[in-house]
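So the chains spell out like this:
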Amino acid sequence: MIRLALLFVLFFPVFIFSQTDNKKIEGTVTNPNSEPISNASIKIIANDTNGIVKQFAFSNSNGKFSIKLSSVAYQLYLQISVLGYTTFNVKVTDSLINKPSQFIMLPLTKALPEVYVKAENQITKKGDTTSFKVSSFAKGNENTIADLLKRLPGLSIDESGTIKFNGKNIDAVLLEDDDLFGSNYGNLVNNSGISGIEKVEVIENYKSKDRIENSLTKGKQTVLNLRYKGAGIRNFGQATIGYAPYQNPHDMRLNLTTLSKRVKAVSIGNKNSTGFLAQQLFGLTNENDLPDNKNIEYPQTIELQKTPISFNNIEPKNINKYRIFDNNSSLATTNLLFKLTKKILFKNNYAFVQDNFLQNYNSSTTYIGGVIPTTILQESKIAKNNNFFFTEGETSLNWGEKNQTRINYFFSSGKGLHSTDGFFQNNILTQTLQNNNSQGSLLLTHVILLKEKSFINIKYNYYSGNTAADYMFTNPLADTSLNIKNTDKNIIQLIAYNQKVHTASANWFKVLNSFSLSVTLNEALKNITPTSNTLLTRQDNTQANFKSNFQVEQQIKIAETELSVNLSKNFSSRLQASFVNKFKNLSYKKDVLNDSRSEDKLFYLPSLNITFKPTNKSHLSLNSSLQAQAPNADQLNKASIFMGNNNITTGTNEINLQSGYTLNLFYVFSDFAYKRYSYYASLFYSNLPTLYTNNFTASNLYMFNSLVPFNKNNNNFNANIGFDKNLVKLKSWLTLKTNYNAGTFFSNNNTVLITNNVTNLKSELKYRTNWNKWFNISTTIAYTTSTQKSLISTFELNNFTNSEWLTNTTIELKLYKNWFIDIQHDYLVNHSYNKPVQHIQFLDTKCKYNFNNKWSGSLLLRNILNTNAFTTSSSSTTQNTVQNFTLTPFFGLFTLGYKF
Amino acid sequence: MKYLTFVFIFAVLFLFNVKAQNNTICAVKYKDLKSSTILGTHNYWFYQDKLVSVKEPNNRAIHMRGFPVLINGVMTTQTDTIKFNREFNEYIDDMNDEMKKKPVRVTMKYYNSDISKMTYFYDYKNKNYIVVDTLQNMDSWEILNDTMTFMGFKCQKASIKYKQDTYTAWFTTQLPYNAGPDGFRGLPGLILKVNNSSGKLGFEAIVIQTPFKGVVPTFSNEGEIISQNDWLILSRERNSKLRESMNNMMNEYKKDLKQKQ
């Protein structure tokens, strides 16, 4: 019996083969009343290849059909389908072959399930708008908008939240066509979740419809527009709360986006001790920065005041910032937009930013600018407490269709308390710094649309800023020239400046056929009062003044008058050019210590912009301009005192007004829909006068260089190239980016000219997949190298090379049902100047479970490969520093999340 | 009691009347692969024995290239749909309302026939025509083993030599209609996607609704029946007459202007 069974198994395929050889199936398809059914679909289906159709026929008007069977070595099925009837399935057996049969179809007795499927392209381009469908790119494990944008082709985003599209900066992120954030959208993309976002649109050549003068001007901005699901009043957001049991870090986040026809609002809250500084989450790159909305056009660019003294944080390149800080940070912001009526628009933002953080490090700095190189050893703890409040708003009033008044304002108030404990040349040194900063601005704009395609735009701006830095250090070194004794307790330096600026402008714009003409008169009056005081505390707690050069109050008055004539022409719909003739008069007057100096200079500063669109997918632009360069308030303040190591002088104290030029060529080709690639190339060259940037911050008295004009222009060349290729249609992407920078800049040290030749190269190759929801990978390999050679005449002062390789790999897995696992691995090979090659790697894993559409839980294991110390070196013109710093240790963070 | 039982059984039989759902309609919107943007869709309604189709222009996409806006009393052509969002939407609504007032050009074809019928409106003579066209035979499909899931339907690949090119079709047996877009048919399931060898000619389903709930445009048999070739000759004549009358109007307008000057 067993043998018989084996024989059957062995010859079973042959039986099947034989049953289908040169045979046919024929018959009549009818309903239960024996009425013929025409157009029935009769198929022979194979069971070995997922049920695909091998042969087919249709029944004729009498319901008859005939199918010839070809020879196959597998089982076949006959399937008859007619709309409204149950599909008939039967195994093909000898009983069906060559014997006409009647196939009675049974009517369906229940309604068919309703199916509605709508296909949308993942990426579409209409005119200047490229639209990305979010559901095609989101994987379900994104925490923020930034996480989503990283997945979209052509878009890149840095740590502070600045977005680029094909190498071009994004000027604003709009929420359903409304701008709530201006150019400070980092806060939105770093903190807000993606709940409710349906589409992300990139709009090129955009102009805001809220400004009536834009009806006559061309759109110049590139913006991102977020489109949300649904209509009417909607609320989207997410809340997460996280805690790590052993190390005790916490992480709480909340964001809420409210959308309606008249009101839009985004509220963000964050409190964490997991290394994310509130200032960085808010979108600011540097600690002393304040938000600066570049989309508001002031008559003159306002330089927001920064603290004159700061202790630098240690932030090594290519290591994520959240691995560096031992922090406790809080962020609370609200951005509001009201369209009260069709005629009144009101916007206001509030932000409270608080950072408490600590860094441990030791460093060895060798100063090589002097005759004898000096080495300073420090073993320090930097503790910082920074707080600031910022509010900004805009009210826009439309008086009929031809008049608009806009009021823009901002106010900020910040306090910083910083301290370090360490050593300075074997002496115990404690430094304390208190910063106070408050500034505010009011801008009034009125626009009148005139007849015959023209308008007048009148602006007035008042700005007031006050910055004070109180710096104290203990145990100063004895110095007879400064009358400092060994027994003295501390020295306090008080450096402050107060700036009041009035600016006004009047602009007339007219369109003449293919020409447009714009004439602007601009006036600025700046009144700056910098003060410097230095006190010495003796052993008996009495305070003594330093020499008079340290007790300085200056008066600086700057007047700027500018007349600008802009002529633009549209040669065709593809070629436009604009030529700007600018006449600028700068007048400086500076009074300090009975020394009065003034400088007056008239500049002619022409500029040319050409844009050419060879096709709808490519764009070429050329910009060249002459620019005036003059010292700002901070530089002038610091130039008022000058110290060497052992003596004090007032320095040369000269005001230097010069001009330089820049050239920029940019080409982009972008076609994600058909050719599926984009590339861009940007070439930039500048030849600008020497900037007054020397701020030598040793751990002792703050010493400043004077404004010494060398009549030498800094040269800088930058080439930026990017290529984004969709390898498999919308499934995998390859991105290549290279940035090369080479330049010569000049600096001074004790009035000696130093020439610095600098090159930087950064190349990055990235492979990223969008295969499916189950497994995706993103891997980047980047190489960075920088060299600097500093020379005094032909004497080589400093010559160093630093290079780094970095690989960054993220693997995203979706396991059964709602389990997600994200693995991030960073591997860094650092070769710093004068240091052996160092390898460091980081591994994080996040496991997330979505209980349902709203609730989720996750466990984040950070710094699994815990390397809590890293040594790097940095160099500049006159110093080489080796730093050993501590990184945050391993922790496991449990998080519960809710989104709506 | 027996009487009540019989009544109950008859009531159940009446309620669940075992009748085939012959009126089940599957509606599919196809996009034309010829244009990079969707300037219009080909809307099909597939019955058990026939199909009805209508070409629907996408006014929103077409007029993004330019729409009229009154600025300072001067009629201008704008392309910025964000700045002029309100004007654009109003204009598109007007265009769509206008389109609704006009009769729809409907095509109808029975599956068991190669003849397609289409209504045309000869505005100039205020007369309707039914243009009858015989479609090219499509019974030489080669069924291939490739499959893919397209819009949630399992599809199988087939290819055919047609108009000196090789066309590839993806059909689904889950929708058992011997039909597809633009005369493509002859497969044991609805064709959801079809394109030529370069991928630039063809159609692709973008919306599928089954069973369709809504109003299907009706094909009217009222009108003079003519062949496709005769209709081409007729329409050329009509167009040249229209052009001529337009030129006459323009010439008269220019004459009037000169006289006034």
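From a predicted model like this one, the values you see are computed outputs, not experimental measurements. (Residues numbered from 1 in each chain as written. Chains lettered and ligands numbered in written order. Predicted model: local features only at pLDDT ≥ 70, side-chain atom pairs only at ≥ 80, totals over all residues.)

**Some thoughts on the overall build of chain B**
Assigned secondary structure in chain B consists of 4 helices and 14 strands. When each of the 261 residues of chain B is scored for burial, the buried share is 23%. A sequence separation of at least 24 residues applies to 45% of the contacts in chain B between residues at least 6 apart. (Helix = DSSP H or I, 4+ residues; strand = E, 2+ residues; numbered from the N terminus. Buried ≥ 20, exposed ≤ 12 C-beta atoms within 10 Å, placed from the backbone. Contact = placed C-beta atoms within 7 Å.)

**A short note on the overall build of chain A**
When its secondary structure is counted, chain A shows 5 helices and 51 strands. Out of the 900 residues in chain A, the part that is buried amounts to 31%. Counting only contacts in chain A whose residues sit at least 6 apart along the sequence, the fraction spanning at least 24 positions is 65%.

**So, the sheet that holds strand β4 (residues 64-69) of chain A**
All names here are of chain A. Spatially, β4-β1-β7 is the arrangement adopted by the 3 strands of the open sheet, whose pairing is mixed. Each edge of the open sheet carries a strand with a single partner, namely β4 and β7 (101-104). Across this sheet, the average inter-strand angle for adjacent strands is 35 degrees, counted without regard to direction. (Pairing = 2+ DSSP bridges. Axes fitted to C-alpha atoms, helices over the stretch in contact; angles between N-to-C directions.)

**Considerations on the pairing of strand β45 (residues 795-814) of chain A**
Residue and element names in this part refer to chain A. Here 18 bridges tie strand β44 (residues 775-792) to β45, and the two strands are oriented antiparallel to one another. Bridged to Ser786 within β45 is Asn802. Where β44 hands over to β45, the hairpin turn is made up of 2 residues, of which Ser793 adopts a positive phi near 55 degrees. Direction of pairing for β45 relative to strand β46 (residues 819-831): antiparallel, over a ladder of 12 bridges.

**Comments concerning the confidence of the model for chain A**
Residues and elements named next belong to chain A. Chain-level pLDDT for chain A is 84 on average; 88% of the residues reach the 70-or-more range. Below a pLDDT of 50 lies the segment residues 1-20, which in the model reaches 12 contacts outside its immediate sequence neighbourhood of four places, other chains included. Scored below 50 in pLDDT, residues 694-700 makes 16 contacts in the model with residues more than four places away or belonging to other chains. (pLDDT = per-residue confidence, 0-100.)

**Describing helix α4 (residues 228-260) of chain B**
Given a rise of 1.5 Å per residue, 33 residues ought to cover 48 Å, and the 48 Å separating the end C-alpha atoms of α4(B) matches this to within 8%. In terms of burial, α4(B) is largely open, as just 0 of its 33 residues are buried. (Expected span 1.5 Å × (residues − 1).)

**Some remarks on the nonpolar core**
Across soluble globular proteins, nonpolar side chains have a tendency to be buried as a group. Among the nonpolar cores identified, the biggest contains 56 residues, and Leu149(A), Ile163(A), Val173(A), Val189(A) and Leu224(A) are the most heavily contacted of them. Top contributing element to this core by residue count: strand β15 (residues 197-206) of chain A, with 5 residues. Apart from residues no more than four positions distant in its own chain, Leu149(A) is found in contact with Leu155(A), Ile157(A), Ile163(A) and Val189(A). Grouped together as the second largest cluster of nonpolar side chains are 29 residues, Cys26(B), Leu51(B), Cys155(B) and Val194(B) included. (Core = buried A, V, L, I, M, F, W, Y, C linked by C-beta atoms within 7 Å.)

**Section: unusual backbone geometry**
All names here are of chain B. Across the junction of Thr210 and Pro211, the peptide omega takes the value -10 degrees, indicating a cis bond. Assignment of secondary structure puts Pro211 in the loop between β13 (202-210) and β14 (224-227). Even without glycine at this site, Lys163 takes up a positive phi of about 50 degrees. Position of Lys163 among the secondary structure elements: in the loop between β10 (153-162) and β11 (165-172).

**Observations regarding the pairing of strand β6 (residues 88-91) of chain A**
Residue and element names in this part refer to chain A. In terms of strand pairing, strand β5 (residues 76-81) meets β6 through 4 bridges, oriented antiparallel. Residue Ile80 lies in a different strand from β6, and its bridge partner there is Phe88. What sits between the antiparallel neighbours β5 and β6 is a turn of 6 residues, in which Gly84 has the positive phi angle 90 degrees.

**Some words on the confidence of the model for chain B**
Low-confidence regions, as indicated by low pLDDT, have predicted coordinates that should not be scrutinised in detail. Residues and elements named next belong to chain B. When pLDDT is averaged along chain B, the result is 81; 88% of the residues meet or exceed 70. Note on residues 8-22: pLDDT is under 50 here. Beyond four places in sequence and across chains, it has 13 contacts. Under the prediction, the complex receives an ipTM of 0.76, its pTM being 0.71.

**Regarding the sheet that holds strand β12 (residues 163-165) of chain A**
Residues and elements named next belong to chain A. Strand order in the open sheet formed by 3 strands is β11-β12-β13, with antiparallel pairing between adjacent strands. Edge positions in the sheet fall to β11 (155-157) and β13 (168-169), since each has one partner strand and no second. Bridging between β12 and β13 involves 2 bridges; their strand directions are antiparallel. If you follow Phe165 over to β13, its bridge partner there is Lys168.

**Quick notes on the environment of Tyr497(A)**
Examined against the element boundaries, Tyr497(A) turns out to sit in strand β26 (residues 490-512). Sequence spacing of Tyr497(A) and Gln554(A) is 57 residues, and the spatial spacing of their C-alpha atoms is 9.2 Å.

**Thoughts on the environment of Gly892(A)**
Residue and element names in this part refer to chain A. With respect to the element layout, Gly892 can be found in strand β51 (residues 891-899). Take Gly892: there are 16 C-beta atoms within 10 Å of it, and that puts it in the partly exposed class. As a C-alpha pair, Gly892 and Pro245 span 647 residues in sequence and 7.5 Å in three-dimensional space. Apart from the residues within four sequence positions on either side, Gly892 is in contact with Ala244, Leu859, Leu860 and Leu861.

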